[in-house]
Amino acid sequence: MTDSPDEPRRYGRRAFLGLIAGGVSALAWAGPAAGIFAPVTSQFSQLLGDLLPIGGWRIYTVSGSMPLFDERIWRLEITGLVERPVSLTYEQLRNLPRAEQVTDFHCVTGWSVPKVRWAGVRFADLLALARPKASAKAIRFVSMENPYQDSLTLEQALLPDVMLGYELDGKALSRPHGAPARVVIPEMYGYKGVKWLTRMELVDHQPSGYWEGLGYDQNAWVGRSNGYHA
Amino acid sequence: MATTPESRRLPRFGRTERAVHWVHATAFVLLLVTGLCLYLPSLSELVSRRPLLKGIHIWTAVGWAVALVLIFLFGDRGALRRTAREIDRFDADDRAWLRRRHPPQGRLNAGQKLNAIVTAAFALLFALTGFFLWYGERDTRFRLPNALLVHDWLMYVSFILFMGHLYLSLLYPKTRHALSGITRGWVDEEWAMTHHRKWAEEVRDS
């Protein structure tokens, strides 16, 4: 060592460059590292609920205000290529056969919520009320949050773990989570799960949704779309 | 200590340094508040104008960068260089301070140097990850899934540092006089002799 004890040492730039290197490289290792700590951090988020979203939910909206659910005026319309257009009240929706599932939720921006408890209605039961015509190939989901919408093919909507969710972790869906009902499709990224749902339109050709219009994939399979690879 | 006579005031931070500090502080608070509203479910329900908040957040970041460039172009670059040099160098007393001893310190003690280094590095990392978050929404090739996590972690650490900074500069009786240095530019000589003796003696003797 040539440093004499009194010689100033250039710790400053080393510390600075070290932090930059750590931060930039974290773009590669932050995900796996967060995975390791998830069992701990998810306990925290259970404890703190909505206060801190460590390992929990983030709320995304696209318009100026979050839609407000009013049970007296809210209706779920099922229209388009159907034999019998339907308009359901919240009570009628809740009286349809109830389905429950525990599935992971993944957002395309990189966060996930493991083991979410959903309750809701399978699309098979909803569609049975309206009876889609043979020409119907997809469902356009329209949110109360204008102009948010997205779509699924009939085949995707009828997958066994896909539902119209109205309860999350044992409680009626809250306003930030899309009250009173949202699309739940665990194998796709969250942007396909339209919140504040008010209309399902049966169509013969799958339209582009809000985020698809901004370059995101129509088929948002988790880990196999939007630049992610299996 | 508004009663400190002029003869006993030591100039600690020049205009340019103070400008950098307050541009950074203002931007940080705006970014933190809008960022938390975008991030915390309870706040995002309360203030549900997400696109507006997002706009303020992004434009604050742009304004912050532009202001720093302007300060660099039109401010006292010599002073900034001297400060950077000072922060870079840890002398024997600084190193002793880091080992929890308390020899006389220069204008900035070792902890203040570290705080400046972390703040500067985090600002760059915030800007970088923020850019990916913003641009990745427009071009999926720039959408790095971990950018959000890194941006969050930087926020958690910065938030803790910010709280400590506020405590030492506003509340803690022994250190809060330092606020005068970053607002009015000068500190009381007696205070400086206690906390930054090496520097105070240098200034007094020159």
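Not measured: the values here are computed from a predicted model. (Residues numbered from 1 in each chain as written. Chains lettered and ligands numbered in written order. Predicted model: local features only at pLDDT ≥ 70, side-chain atom pairs only at ≥ 80, totals over all residues.)

All right, on to the overall build of chain A then. Summing up its helical and strand segments, chain A has four helices and 10 strands in all. Relative to its full complement of 230 residues, chain A shows a buried share of 36%. (Helix = DSSP H or I, 4+ residues; strand = E, 2+ residues; numbered from the N terminus. Buried ≥ 20, exposed ≤ 12 C-beta atoms within 10 Å, placed from the backbone.)

All right, on to the overall build of chain B then. When helices and strands are counted, chain B shows 10 helices and two strands. Along chain B, from the amino end to the carboxyl end, the secondary structure elements read β-α-α-α-α-α-α-α-α-β-α-α. In terms of principal-axis extent, the alpha carbons of chain B reach across some 60 × 35 × 30 Å. Counting across all 206 residues of chain B, residues that qualify as buried make up 27%. The contacts of chain B with a sequence gap of at least 6 include a subset with a gap of at least 24, amounting to 57%. (Contact = placed C-beta atoms within 7 Å.)

Attention shifts here to the environment of B:Arg197. Residue and element names in this part refer to chain B. Along the chain, Arg 197 falls in helix α10 (residues 197–205). Judged by C-beta crowding, with 15 C-beta atoms within 10 Å, Arg 197 ranks as partly exposed. Expressed as a C-alpha distance, the spacing of Arg 197 and Gly 106, which sit 91 residues apart in the sequence, is 6.6 Å. When near neighbours in sequence (up to four residues on either side) are disregarded, Arg 197 contacts Pro 104 and Gln 105.

On to the interface of chain B and chain A, then. Contacts between chain B and chain A engage 36 residues on the former and 41 residues on the latter. Elements that contribute at least two residues to the side of chain B that touches chain A include exactly α2 (41–46), α3 (50–74), α4 (77–88), α6 (110–136) and α7 (147–171) of chain B. A per-element tally of the side of chain B that touches chain A places α6(B) first, with eight residues. Split by residue class, the side of chain B that touches chain A holds 21 nonpolar, five polar and 10 charged. (Nonpolar A, V, L, I, M, F, W, Y, C, P; charged D, E, K, R; others polar.)

In a beta sheet, neighbouring strands pair by backbone hydrogen bonds and run either parallel or antiparallel. Residue and element names in this part refer to chain A. As summarised here, the arrangement of the five strands in space is β2-β1-β10-β5-β6, forming an open sheet in which the pairing is mixed. The sheet is open, and its two edges are formed by β2 (86–88) and β6 (149–153), each paired on a single side. Averaged over all adjacent pairs, the angle separating strand axes in this sheet is 20°, with direction ignored. Both strand β1 (residues 76–80) and β2 contribute to a ladder of three bridges, which runs antiparallel. When the bridges of β2 are listed, Glu 77 appears paired with Ser 87. (Pairing = 2+ DSSP bridges. Axes fitted to C-alpha atoms, helices over the stretch in contact; angles between N-to-C directions.)

All names here are of chain A. Cis geometry is adopted by the peptide bond preceding Pro 147, which originates at Asn 146 and carries an omega value of 5°. Looking at where Pro 147 falls in the secondary structure, it is placed in the loop between β5 (138–143) and β6. Looking along the chain, the bond that leaves Ala 179 and enters Pro 180 is cis, with omega of 5°. Unusually for a residue other than glycine, Arg 131 sits at a positive phi of about 55°. Position of Arg 131 relative to the elements: it lies in the loop between α3 (123–130) and β5.

As a further point, take the packing of α6(B) against α7(B). Residues and elements named next belong to chain B. α7 packs onto α6 with a crossing angle of 145° between their chain directions and a minimal axis gap of 9 Å. Handedness of the crossing formed by α6 with α7: left-handed. Touching Asn 115, Val 118, Phe 122, Leu 125, Phe 126, Thr 129, Gly 130, Phe 132, Leu 133 and Gly 136 of α6 are Ala 147, Leu 148, Val 150, His 151, Leu 154, Ser 158, Leu 161 and His 165, all from α7. Here the contact of α6 with α7 is built from residues that sort into 11 nonpolar, seven polar and no charged. (Left-handed = near helix turned anticlockwise from the far one by under 90°.)

Residues and elements named next belong to chain A. Every buried residue belonging to α3 is among Phe 123, Leu 126, Leu 127 and Ala 130, and all of these are buried. One side of α3 carries all its buried residues, which in axial view fall inside an arc of 95°. Trailing α3 by a residue or two, Arg 131 shows a phi angle of about 55°, which is positive. (Arc of directions from axis to C-beta.)

From the geometry alone we can't say anything about function, so treat these as descriptive.
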